[in-house]
Amino acid sequence: MDVFRIEGPVRLAGHVDINGSKNASLPIMAAALLAPGNSTLLGVPRLADISVFKELIDQLGCKVERREDGVLTIDATKIDNPVGPYDIVRKMRASVCILGPLLARCGRVEVSMPGGCAIGDRPIDLHLIGLRQLGAQIHLKNGYVIAETPQGLKGASIFLGGPYGSTVLGTANVLMAATLAKGRTIIESAACEPEITDLANCLNVMGARISGIGSPRLVIDGVNHLHPVQYRVIPDRIEAGTFMAAAAITGGEVHIGHCRLEDMMAVVDRLRIIGIAVEANGDGCTVAGAESFQPADITTQPYPGFPTDLQAQFMALLALAHGNSIVVEKVFPDRFLHVAELNRMAANLRKEGSAVIVAGVKKLVAAPVMASDLRASAALVIAGLAAEGATIVNRVYHIDRGYERIEERFNLLGAKISREEGGTV
Ligand code: EPZ
């Protein structure tokens, strides 16, 4: 297993362009299954999660190819095996977003229950509630969800809110299924994340009739069929926020291109409270860190609130703030595996239920640490950029799931990260 060796402290400077969004690419790749024929997706990043999803779509009977120029083509003419097998779904739980499109396209689908992961239980009860309200007959067998719709799907008014608010992929599944249902569907308490907006915009280009896009109430008038699409996915706001936190913690100045600040108002709001300058320019922004910066309280919430996917990265930043911060996690209350690892680097973090008290310290100290999930590993890299000495981050396969060549891109900004074989298994 690869490790990262990160020499610190460094000060980042220069320009980085943000890649296409992983969390827009995955549901949009699933949407391509709704239309027989060849779809072409632009801007899909080269990530481990995308490769796993390609493997899944291929074994449905479709053909996914990555062209030399990076364009991804999906030939969904034929789907002769609408099954999402356990050995793939357990690797990448977002695979569940084939449920809606395959149910609508094939009338039957079997997908392994995803199971939990490092950031907490990952139930899909809301997905199934929504699909049942569209007329699907669903039962569980040997760890698989089996969904059938012998009479076809029928529009319905669906409340999709759960105990932690809206569900991103649950909205994606119900939205995609509703595009081919008979009649009108209303999804109340729909997720408003930019990635869902991107999915809905893509579906409308395919011939769907969706309104209320970007709002918590989506209205879908079913159509008889959708056609293949050529579509460019939006930039990855979580990758952008990760680079912003890295620029801030190192006191550097980084120009971030292909960054839609309008998707990141909650993040920019916190950076400004912390005392980090964020200036919009060109197709992105310039983020300038400061020698010493202020604490801030962060509570994660569904969009447009502060994204849970940036909670760990910003906790690493706040570990060096000049004062105490409180970080409350309201989306995945157990999403704190990075806390113990950051404390190994001399951070002073105390977990109290679904909150962490962050007592700012003067410096972080390099240490061998263990990545546990995608965003926690990004937080450890960010901490390593600022820590004194050589930090070793183990199990960097986690970070490769969601960031393309991250060490190369950080090194172009002045970081000193080397990817090495070995490390703690
Ligand atoms: C998406 O996951 C993202 N993944 C996650 O990003 C992100 O953290 C999450 O949304 C929240 O923004 C992709 O888009 C591929 P949810 P998703 O359903 O859709 C509960 C990353 O790092 N819930 O919005 O699976 C759930 O337990 C990943 O890129 C139910 O109770 O998340 C959680 O507490 C990690 N029942 C909350 O809702 C359900 O049926 C939000 O989950 C579904 C969800």
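Residues numbered from 1 in each chain as written. Predicted model: local features only at pLDDT ≥ 70, side-chain atom pairs only at ≥ 80, totals over all residues. Heavy atoms only, no water.

Here we look at the pairing of strand S17 (residues 284–288)
One face of the sheet, then the other: side chains in a regular strand alternate in exactly this way. Quick reminder of the rule: With a 1.4 Å probe rolled over the protein chains alone, any residue whose accessible area is under 20% of its type maximum counts as buried; one over 50% counts as exposed, and the rest are partly exposed. Helix and strand labels come from DSSP, where a helix needs a run of H or I of at least four residues and a strand needs a run of E of at least two; each type is numbered from the N terminus. What makes two strands pair is DSSP finding at least two bridges between them.
In terms of burial, S17 is largely enclosed, as 5 of its 5 residues are buried. Judged from the 4 bridges that link them, strand S15 (residues 253–257) and S17 form a sheet pairing that is antiparallel. Looking at the pairing, isoleucine 256 lines up with cysteine 285 of S17. In terms of strand pairing, strand S16 (residues 277–281) meets S17 through 5 bridges, oriented antiparallel.

Some thoughts on the domain arrangement of the protein chain
Using the following cut-off: Note that domain bounds follow an automatic or database assignment of domains. We call two residues in contact when some of their heavy atoms are within 4.5 Å. For this document, the term salt bridge refers to a Lys or Arg side-chain nitrogen within 4 Å of an Asp or Glu carboxyl oxygen. What qualifies as a polar contact is a pair of N or O atoms within 3.5 Å, subject to a donor-acceptor requirement within protein and to the restriction that residues adjacent in sequence count only when both atoms come from side chains.
Domain annotation of the protein chain identifies domain 1 (2–18 + 235–421) and domain 2 (22–224). Summarising the inter-unit geometry, the C-alpha centres of domain 1 and domain 2 are found 30 Å apart. The interface of domain 1 with domain 2 comprises 22 residues on the first partner and 20 residues on the second. On inspection of domain 1 and its partner domain 2, the count reaches 2 salt bridges. With a closest N to O distance of 2.8 Å, arginine 237 and glutamate 195 form a salt bridge. In this structure, the connection of domain 1 to domain 2 is made through 6 residue pairs in polar contact (both at pLDDT 80 or more).

Re the pairing of strand S1 (residues 3–8)
Pairing geometry for S1 and strand S24 (residues 416–420), over 5 bridges, is antiparallel. Looking at the pairing, glutamate 7 lines up with lysine 416 of S24. Across 6 bridges, S1 lies against strand S23 (residues 389–394) in antiparallel orientation. Across the sheet, the residue bridging to arginine 5 is isoleucine 392, located in S23.

So, the packing of helix H8 (residues 237–249) against helix H12 (residues 374–386)
Using the following cut-off: Angular values range over 0 to 180 degrees, each being the angle between N-to-C directions of two axes fitted as lines to C-alpha atoms, with helices fitted over their stretch in contact. In these notes the angle categories are as follows: under 35 degrees is roughly parallel, over 145 is roughly antiparallel, 65 to 115 is roughly perpendicular, and the rest is oblique. A crossing counts as left-handed when the near helix is turned anticlockwise from the far one by less than a right angle, and as right-handed when that turn is clockwise. All residues other than Ala, Val, Leu, Ile, Met, Phe, Trp, Tyr, Cys, Pro, Asp, Glu, Lys and Arg, Gly among them, are scored as polar; the first ten of these are nonpolar and the last four charged.
At a closest axis distance of 9 Å, the pairing of H8 and H12 adopts a crossing angle of 20°. Judged by the angle between their axes, H8 and H12 are roughly parallel. The way H8 lies across H12 gives a crossing that is right-handed. For the pair formed by H8 and H12, the contact residues are Ile238, Thr242, Ala245, Ala246 and Ile249 on the first element and Arg375, Ala378, Ile382, Ala383, Leu385 and Ala386 on the second. Tallied by class, residues from the contact of H8 with H12 come to 9 nonpolar, 1 polar and 1 charged.

Remarks on the pattern of salt bridges
Enumeration according to the criterion identifies 24 salt bridges in this entry. A salt bridge links aspartate 49 to lysine 22; the nearest nitrogen and oxygen atoms lie 3.8 Å apart. Of this pair, aspartate 49 sits in helix H2 (residues 48–58) while lysine 22 is found in helix H1 (residues 22–31), placing the two residues 27 residues apart along the sequence. For aspartate 49, a relative accessible area of 3% translates into the label buried. Under the relative-accessibility criterion, lysine 22 is labelled buried at 8%. With a shortest N-O distance of 3.0 Å, glutamate 110 and arginine 108 are connected by a salt bridge. Classification of glutamate 110 by relative accessible area gives partly exposed; the value is 21%. Of the residues examined, arginine 108 reaches a relative accessible area of 33% and is grouped as partly exposed. Connected through shared salt-bridge partners, Asp2, Asp400, Glu407 and Arg419 make up one network.

A word on unusual backbone geometry
A cis amide bond, omega 0°, links glycine 8 with the succeeding residue proline 9. Here proline 9 lies in the loop between S1 and strand S2 (13–17). Of note, the amide linkage connecting tyrosine 303 to proline 304 takes the cis form, showing an omega dihedral of 15°. As for its placement among the helices and strands, proline 304 is situated in the loop between strand S18 (298–300) and helix H10 (311–318).

What about the packing of aromatic side chains?
We count it as follows: Only rings of Phe, Tyr and Trp enter the pairing, Trp through its six-membered ring, and a pair is recorded when the two centres are within 6.5 Å. The plane angle decides the type: under 30 degrees is stacked, over 60 is edge-to-face, the rest tilted.
Per the stated rule, a full pass over the model turns up 2 aromatic pairs. Ring geometry for phenylalanine 243 versus phenylalanine 410: centroids 4.9 Å apart, planes at 45°, classification tilted. Here phenylalanine 243 is found in helix H8, whereas its partner phenylalanine 410 is found in helix H14 (residues 406–411), with 167 residues between them in sequence. Under the relative-accessibility criterion, phenylalanine 243 is labelled buried at 1%. Ring geometry for phenylalanine 306 versus phenylalanine 314: centroids 5.2 Å apart, planes at 75°, classification edge-to-face.

Details of the environment of methionine 315
Within the secondary structure, methionine 315 sits in helix H10. Judged by relative accessible area, which is 0%, methionine 315 ranks as buried. When the C-alpha atoms of methionine 315 and arginine 272 are compared, they prove to be 15 Å apart, with 43 residues separating the residues in sequence. Excluding residues within four positions of it along the chain, methionine 315 makes contact with Val327, Phe336, His338, Val339, Leu342, Leu349, Val356 and Val358.

Some points on the site of the ligand
This is how it is decided: Proximity is defined per residue: if any heavy atom of the residue lies within 4 Å of a molecule or strand, that residue is considered near it.
Near the ligand there are 25 residues, and of these Asp125, Leu126, Thr167, Asp309 and Val331 occur at the shortest range. The side chain of lysine 22 places a nitrogen or oxygen atom 2.9 Å from an oxygen atom of the ligand. Leucine 126 has a polar backbone atom sitting 2.7 Å from an oxygen atom of the ligand. Within the residue set of the shell around the ligand, elements represented by two or more residues are H1, helix H5 (125–133), helix H6 (168–178) and H12. For the shell around the ligand, the per-class residue count stands at 12 nonpolar, 5 polar and 8 charged. When residues of the shell around the ligand are assigned to domains, at least three fall in each of domain 1 (2–18 + 235–421) and domain 2 (22–224).

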